[in-house]
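Summary of structural features
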Amino acid sequence: MSSAAQLANDIPISMISADLAVGRKGLGSVWNGVIPGIVLVAMITGVAFSAHNVSGFALFSPMILAVVAGMIYSNVLGTPAHAKAGIAFSQKRLLRFAIVLLGFQLTLGQVVSIGAGGVGIVALTLGATFVFTITLGRLIGVDAKLAQLIAAGTSICGASAIVATNIVTDARDEDVTYAVASITLFGTVAMLGFPLLAPVLGLDQHAFGLWAGASIHEVAQVIGAGFQNGAQSGEIATVAKLTRVALLAPMVIALGLMARRKSNGDRPSDQSGARPPMPWFVAAFIAVVALNSLVAVPAEVKSAMAFATTIMLTMGLAAMDLQANISQLRSRGLRPLALASCAFLFIGGFSLMLVKFA
């Protein structure tokens with residue numbers, strides 16, 4: 001004991017003070033680094049969830065409301081400089097983890113339940129819509145990265161697909177905002193209008209559910225439209241939509257390979273450089289789907305995961321729009337909006353043709 005006391009007495013007071021100062025500096029750097037930004041993003045997320053419970057706003061998911069709230073805050077009050085690091089953390093890390101957790105909403109058994117024909121309709125619609133949107137975007141002069149985001153949001157699963165695609169395309173935040181806004185607009189039109197067309201088009205509950213699941217943008221919008229036409233229609237629409245979500249993984253992998261090939265082609269052979277990263281989160285998403293298919297995950301756990309996924313996606317989108325500039329959005333003009341509208345008409349018409357005549 002006396003030797004320990006002697007050792008303590010031998011430590012210079014200046015060294016202890018320096019260590020304490022370093023500790024305080026470390027805590028201060030954390031506070032000045034990510035915490036203020038995360039707190040701000042969490043506040044925007046809270047506003048979005050609260051607004052979702054207000055009559056008249058329930059049609060819009062918290063993710064979409066967070067886009068609006070974040071953009072208003074950014075362009076009216078301005079985003080504080082000391083919050084940038086936390087906003088970037090929310091935009092990148094949380095979004096990747098949220099996409100992994102999406103796997104808890106899907107099993108291979110659900111995909112099989114709509115049959116080989118249903119899976120074929122979903123896959124063919126997705127591929128055709130993506131190629132159509134990219135091609136049309138090139139023809140009318142829309143930026144390639146923005147066209148990819150609109151194509152992914154329309155053909156796969158709305159805002160979630162836009163976020164996942166942007167990890168490999170690395171578009172500007174304003175492009176992500178533009179894509180989410182346009183997808184929200186036309187997805188809402190589909191959610192409200194498609195059920196009214198079911199009797200006109202002669203679609204029974206099975207056919208309408210497959211059409212809605214194969215063509216409407218957001219998962220929440222698909223559920224809203226599907227169950228509006230009946231319970232069977234809603235269940236089929238949900239499964240068809242989740243099948244599209246499952247195809248998010250191969251689509252992002254394909255885009256990553258394309259980006260890597262383009263990067264290698266653009267770089268001189270004698271020049272080394274960073275290669276576009278392959279999305280690790282896609283492999284994790286596939287692993288979670290496999291786990292969810294093989295292991296009986298309790299319903300309470302799945303529900304908690306779904307809620308956590310929604311929160312993290314909402315925080316990620318709020319973070320993006322805290323850095324969005326409306327003037328830069330206006331500078332994109334109407335061509336991207338025209339592209340999104342044409343993609344919406346194409347996916348609706350193409351999937352309907354397959355459902356009716358396949």
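Computed from a prediction, not measured in an experiment: that's the story for all the values here. (Residues numbered from 1 in each chain as written. Predicted model: local features only at pLDDT ≥ 70, side-chain atom pairs only at ≥ 80, totals over all residues. Heavy atoms only, no water.)

Our focus in this paragraph is the overall build of the chain. Secondary structure summary: the chain contains 17 helices and zero strands in total. Partitioning the contacts of the chain with sequence separation of at least 6, the portion at a separation of at least 24 is 81%. Carbon and sulfur atoms make up 69% of the accessible area of the chain, which amounts to about 16900 Å² in all. (Helix = DSSP H or I, 4+ residues; strand = E, 2+ residues; numbered from the N terminus. Contact = heavy atoms within 4.5 Å. Areas by Shrake-Rupley, 256 points an atom, 1.4 Å probe, with all protein chains shown as cover.)

Time to look at the packing of helix H7 (residues 115-140) against helix H8 (residues 144-169). Put simply, H7 and H8 touch, their axes get as near as 9 Å, and they point 155° apart. Relative to H8, the element H7 lies roughly antiparallel. Note that H7 runs across H8; the crossing there is right-handed. Touching Leu 126, Thr 129, Phe 130, Thr 133, Ile 134 and Gly 137 of H7 are Ala 147, Gln 148, Ile 150, Ala 151, Ala 152, Thr 154, Ser 155 and Ile 156, all from H8. Residues that form the contact of H7 with H8 fall into these classes: eight nonpolar, six polar and no charged. (Axes fitted to C-alpha atoms, helices over the stretch in contact; angles between N-to-C directions. Parallel < 35°, antiparallel > 145°, perpendicular 65-115°, else oblique. Left-handed = near helix turned anticlockwise from the far one by under 90°. Nonpolar A, V, L, I, M, F, W, Y, C, P; charged D, E, K, R; others polar.)

Of all hydrophobic cores here, the largest spans 96 residues; its most connected members are Ile 156, Val 180, Leu 248 and Leu 317. The element contributing the most residues to this core is H8, with 15 residues. (Core = buried A, V, L, I, M, F, W, Y, C linked by side-chain atoms within 4.5 Å. Buried < 20%, exposed > 50% of the residue type's maximum accessible area, 1.4 Å probe, protein only.)

Attention shifts here to the side chain of Ser 155. Residue placement: Ser 155 occurs in helix H8. A polar contact of 2.6 Å, which involves the side chain of Ser 155, links it to the backbone oxygen of Ala 151. (Polar contact = N/O pair within 3.5 Å; in protein donor to acceptor, adjacent residues only side chain to side chain.)

A separate point is the environment of Gln 221. On the secondary structure map, Gln 221 appears in helix H11 (residues 219-228). Judged by relative accessible area, Gln 221 falls into the buried class, the value being 5%. Spatially, the C-alpha atom of Gln 221 lies 8.0 Å from that of Ala 190, the residues being 31 residues apart in sequence. Apart from residues lying up to four places away in sequence, Gln 221 is in contact with Thr 184, Gly 187, Thr 188, Met 191 and Ile 216.

On the surface, a nonpolar cluster with roughly 380 Å² of combined accessible area is contributed by Val 34, Ile 35, Val 39, Met 43 and Phe 89. Counting residues per element, the nonpolar patch draws most heavily on helix H3 (residues 35-52), which supplies three residues. (Patch = residues over 30% accessible without salt bridge, like charges linked within 9 Å, V, L, I, M, F, W, Y side chains within 5 Å. Salt bridge = Lys/Arg side-chain N within 4 Å of Asp/Glu carboxyl O.)

Here the focus is the packing of aromatic side chains. Under the criterion given, the structure shown has seven aromatic pairs. With 4.1 Å between their ring centres and 5° between their planes, Phe 194 and Trp 211 make a pair best called stacked. With Phe 194 in helix H9 (residues 173-201) and Trp 211 in helix H10 (residues 205-215), the pair connects residues that are 17 residues apart, well separated along the chain. One exposure class covers both Phe 194 and Trp 211, and it is buried. Within the aromatic cluster, the residues linked to one another by ring pairs are Phe 186, Phe 194, Phe 208, Trp 211 and Phe 344. (Phe/Tyr/Trp six-rings, centres within 6.5 Å; stacked < 30°, edge-to-face > 60°.)

Glancing now at the confidence of the model for the chain. Of the residues in the chain, 82% reach a pLDDT of 70 or more, and the chain-wide mean stands at 79. Contacts from residues 14-30, a stretch scored under 50 in pLDDT, to residues over four places away or in other chains number two contacts. In this model, residues 268-278 is a region of pLDDT below 50 whose contacts with residues beyond four sequence positions or in other chains number 15 contacts. (pLDDT = per-residue confidence, 0-100.)

Turning our eyes to something else, we now look at H10. Across the eleven residues of H10, nine count as buried, placing the element largely inside the fold. Every buried residue of H10 is listed here: Ala 207, Phe 208, Gly 209, Leu 210, Trp 211, Ala 212, Gly 213, Ala 214 and Ser 215. At the N-terminal boundary of H10, the capping side chain belongs to Asp 204, with an oxygen 3.3 Å from the backbone nitrogen of His 206.

Before going further, it helps to examine helix H12 (residues 231-246). Each α-helix turn comprises 3.6 residues. Residues three or four places apart therefore point the same way. Its 16 residues give H12 an end-to-end C-alpha distance of 23 Å, which sits within 8% of 22 Å, the value for a rise of 1.5 Å per residue. Along H12, the positions that sit buried rather than exposed are Ser 233, Gly 234, Ile 236, Ala 237, Thr 238, Val 239, Ala 240, Lys 241, Leu 242, Thr 243, Arg 244 and Val 245. (Expected span 1.5 Å × (residues − 1).)

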